[in-house]
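Each chain, written out:
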Amino acid sequence: MSTSLTEHGSEALFQQILAERLISTRFQSIVELDSGTVVAYEALSRGPADTVFHNPAALFDRAHALGRVTDLDLACWVSSVRTATEQGFTAPHSLFVNVEPGSLHRADLGDAPHPPAPAVLEVTERALMNDPAGLFYAIGRARALGYRIALDDLGADPASLALLPLLQPDVIKLDMALIRERPDQDAARVMSAVAAHAERTGAVVLAEGIETEEHRVTALALGATYGQGWLFGRPVPEPAKPATLAGIRFSAEPAAPQQAARTPFEVVAPVRTPRPSDRELLVQMSIFLESRARASGDSAVVLSTFQQHTNFTPATRARYEALGADAGLVAVHLAGDPQLAAASRIRVGQIDPADPLLAEWDIVVLTADFAAVLAARELDPTQHAQGSYEFVLTHDRDLATAAALTLINRLPAAS
């Protein structure tokens, strides 16, 4: 088959690849950076040789264009697991397998074959911004199936730094640009955030794209203990003695499932004593937290509730439009039309009339180095004009994380 295919011909080839599962698997080594010892392999999918789709980027680009990503992902999954089983990957955590988070929603992937030993499942940080609620669901399902979770390409999107506590990955894979490019303040910010998260949770740090000894030294400086790249070898069809691999060593138990509280106030009120407040004070506290988020720029995540859309005043809308232009993820939850500009980057979650969130005034801010949650509940919603609330303000990151999840899980997927 020739790489000089017409657009129609390449589409026909792509459809044939899916129909006949013409996917092959290669394995790229993962090593301990100090010793150079191979401890695991990542399964990499390829289309037929001597075609444009041997390149995985071209393969998935066409899948996205045709709306067939989950179908392709299933074909890649089956090939990876089948080949790993044939090769004898029986050591725990010696195999990394990639999957698109959306694929884990599908029953046929849940019913598909699984690796012969506990494996590490890689998800990309791209899914954080596209469908965070779906990603958290997918990770929960994967953990229930016994997988450890790796977050791939960390550093490509600054907002992912603030979302690290929400995902609780077992492995953090540093984006290759951090290893190869000249260090700058962005690299320093990633290094600081990753180090803090790894220290707090015991997460393993793995650096990608290591091609030179200089890259290896940089990876160690960034806190990585494992690495992969051409310095340690190209992907191969048959790795040597996979059953004898040591696998990734984890110092912490898998992350426990997040408890599903219904609202931010229900998260914080049982552990922090609520105090009375009026609406004016809540507005001022909210504005202060918004300004703190904006100072953090594109690593900030801001999640707010406003009850009715009438509380989302023109002045508030202007602040959030400005915040949305700078921050990594901004979302508002309310009942009604927030009247956002067509180009707005703000996510909107509609509050159902029966949802207890309708009685709350909340703002959660998460950045790489800051966390806060203001959670307030109206004392008597039938007397809304009085504006009387009880509230909790805390900077506890665990509470802010749990409160954030209650709001993220209400967000629709990005269109």
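Residues numbered from 1 in each chain as written. Predicted model: local features only at pLDDT ≥ 70, side-chain atom pairs only at ≥ 80, totals over all residues. Heavy atoms only, no water.

*Asks:* When you look at the overall build of the protein chain in this model, what are you seeing that I'm missing?
*Replies:* Helices and strands together make up the secondary structure of the protein chain, namely 14 helices and 15 strands. Computed over C-alpha atoms, the radius of gyration of the protein chain comes to 23 Å, within 12% of the 22 Å expected from 2.2 N^0.38 for 415 residues, which places it in the range of a compact globule. Of the contacts formed within the protein chain by residues at least 6 apart in sequence, a portion of 70% connects residues at least 24 apart. (Helix = DSSP H or I, 4+ residues; strand = E, 2+ residues; numbered from the N terminus. Rg over C-alpha atoms; globule rule 2.2 N^0.38 Å. Contact = heavy atoms within 4.5 Å.)

*Asks:* How should I be thinking about the sheet that holds strand β9 (residues 275-278) in this particular structure?
*Replies:* Where strands meet in a sheet, backbone hydrogen bonds hold them as pairs that are either parallel or antiparallel. Read across the sheet, seven strands follow the order β9-β15-β14-β13-β10-β11-β12 without closing on themselves; strand pairing throughout is mixed. Both edges of this open sheet fall to β9 and β12 (347-350), since each of them pairs with a single strand only. Ignoring which end each strand starts from, the neighbouring axes of this sheet average 20° apart. Relative to strand β13 (residues 360-366), helix α12 (residues 279-295) is tilted by about 20°, and along the sheet it contacts β9, β10 (301-308), β13, β14 (371-378) and β15 (388-394). On top of the sheet, helix α13 (residues 314-326) reaches β10, β11 (329-335) and β13; it is set at about 160° to β10, its chief contact. (Pairing = 2+ DSSP bridges. Axes fitted to C-alpha atoms, helices over the stretch in contact; angles between N-to-C directions.)

*Asks:* Looking at this model, I keep getting lost on the nonpolar core. Mind explaining?
*Replies:* Generally speaking, soluble globular proteins have nonpolar side chains that are buried together. Ranked by size, the top nonpolar core spans 72 residues in total, and within it W77, L174 and V364 carry the most contacts. The biggest single contributor to this core is helix α14 (residues 397-408), with seven residues. Discounting chain neighbours no more than four positions away, the residues touching L174 are L154, V190, V194, V205, L206, A207, E208 and L222. Ranked by size, the runner-up nonpolar core spans 24 residues in total, among them M285, A300, V332 and L334. (Core = buried A, V, L, I, M, F, W, Y, C linked by side-chain atoms within 4.5 Å. Buried < 20%, exposed > 50% of the residue type's maximum accessible area, 1.4 Å probe, protein only.)

*Asks:* Just checking my understanding: could you explain the pairing of β11 for this structure?
*Replies:* Where a strand is regular, its side chains alternate between the two sheet faces. In terms of residue burial, β11 counts as a mostly covered element, since seven of its seven residues are buried. Side chains L329, A331, H333 and A335 of β11 all project onto a buried face; the interleaved residues V330, V332 and L334 project onto the opposite face, where all are buried too. The parallel pair β10 and β11 is bridged by α13, and the resulting crossover is right-handed. One ladder, built from four bridges, connects β11 with β12; its direction is parallel. Its bridge partner lying in β12, H333 is registered against G349. (Right-handed = clockwise from strand over helix to strand, strands pointing away.)

*Asks:* What am I meant to see in the sheet that holds strand β8 (residues 226-227) here?
*Replies:* One closed barrel holds the eight strands; their spatial order is β1-β2-β3-β4-β5-β6-β7-β8, and the pairing between them is mixed. Inspection of the sheet shows strand β1 (residues 24-32) paired to β8 by two bridges, in the antiparallel sense. Residue V31 lies in a different strand from β8, and its bridge partner there is G227. Those strands touched by helix α9 (residues 185-201) are β5 (148-154), β6 (171-174) and β7 (204-207), and its axis lies near 165° from that of β6.

*Asks:* What am I meant to see in the packing of aromatic side chains here?
*Replies:* Where two aromatic rings form a pair, the distance of their centres and the angle of their planes describe that pair. Within the structure shown, the criterion is met by nine aromatic pairs. Geometrically, the ring pair formed by F27 and F89 is stacked, given 5.1 Å between the ring centres and 25° between the ring planes. Within this pair, whereas F27 is found in strand β1, its partner F89 is found in the loop between α3 (69-87) and β3 (95-98), the two being separated by 62 residues in sequence. Assessed through its relative accessible area of 2%, F89 is described here as buried. (Phe/Tyr/Trp six-rings, centres within 6.5 Å; stacked < 30°, edge-to-face > 60°.)

*Asks:* Even after reading the chapter, I still don't get the pairing of β5, so can you show me in this structure?
*Replies:* Within β5, six of the seven residues are buried, leaving the element largely enclosed by the surrounding structure. For strand β4 (residues 120-124) and β5, the ladder comprises five bridges, and the chain directions are parallel. Each bridged residue has a counterpart across the sheet, and for V120 the counterpart in β5 is R148. Sheet topology places β5 next to β6; three bridges connect them, and they run parallel. Within β6, the position partnered with L154 by the bridge is L174.

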